[in-house]
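Take a look at the letters that make up each chain.
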Amino acid sequence: MPHHKSAKKRVRTNEVRRLRNVEDKSRVRGAIKRVRTASTREEAQAALRDAVSTLDRAAKKGVLKSGTADRQKSRLTVSVTKRFA
């Protein structure tokens with residue numbers, strides 16, 4: 001239980017940020033899932049573009065580390081390339 005005014009504000013701020021991070025992580029997971037479940041090459045490439053954009057935004061906001069985003073982008077790109085080669 002916070003006793004100071006600033007501590008009370010931190011509790012509110014942390015909750016807002018936590019909810020925003022949960023939302024962003026969910027958006028990232030959905031984008032990745034759409035790439036992996038794509039059935040045609042065009043669909044996969046469009047989903048990949050969207051996923052790369054979503055991962056970059058999440059990394060920029062600090063929701064994901066940039067290395068994690070880069071690794072996921074790389075693996076998704078390789079999987080799409082191999083699957084529809």
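Residues numbered from 1 in each chain as written. Predicted model: local features only at pLDDT ≥ 70, side-chain atom pairs only at ≥ 80, totals over all residues. Heavy atoms only, no water.

Visitor: Quick one: what's the story with the nonpolar core, residue by residue and with numbers?
Guide: Core analysis: the largest hydrophobic core is formed by 17 residues, its most contacted members being Val-28, Val-35, Leu-55 and Leu-76. Of all the secondary-structure elements, those providing two or more residues to this core are helix H1 (5-36), helix H2 (41-61) and helix H3 (66-83). With near-sequence residues (within four places) excluded, Leu-76 lies in contact with Ile-32, Val-35, Arg-36, Leu-48, Ala-51 and Leu-55. (Core = buried A, V, L, I, M, F, W, Y, C linked by side-chain atoms within 4.5 Å. Buried < 20%, exposed > 50% of the residue type's maximum accessible area, 1.4 Å probe, protein only. Helix = DSSP H or I, 4+ residues; strand = E, 2+ residues; numbered from the N terminus. Contact = heavy atoms within 4.5 Å.)

Visitor: Account for the environment of Ala-47, with residues named and values stated.
Guide: Its place among the elements puts Ala-47 in helix H2. Along the primary structure Ala-47 and Gly-30 are separated by 17 residues, whereas in three dimensions their C-alpha atoms are 10 Å apart. Leaving out residues up to four positions away in the same chain, Ala-47 has contacts with Arg-34 and Val-35.

Visitor: Just give me the short version of the side chain of Asp-24, but keep the residues and values in it.
Guide: Along the chain, Asp-24 turns up in helix H1. Apart from the residues lying within four places of it in its own chain, the contact partners of Asp-24 are Lys-61 and Val-63.

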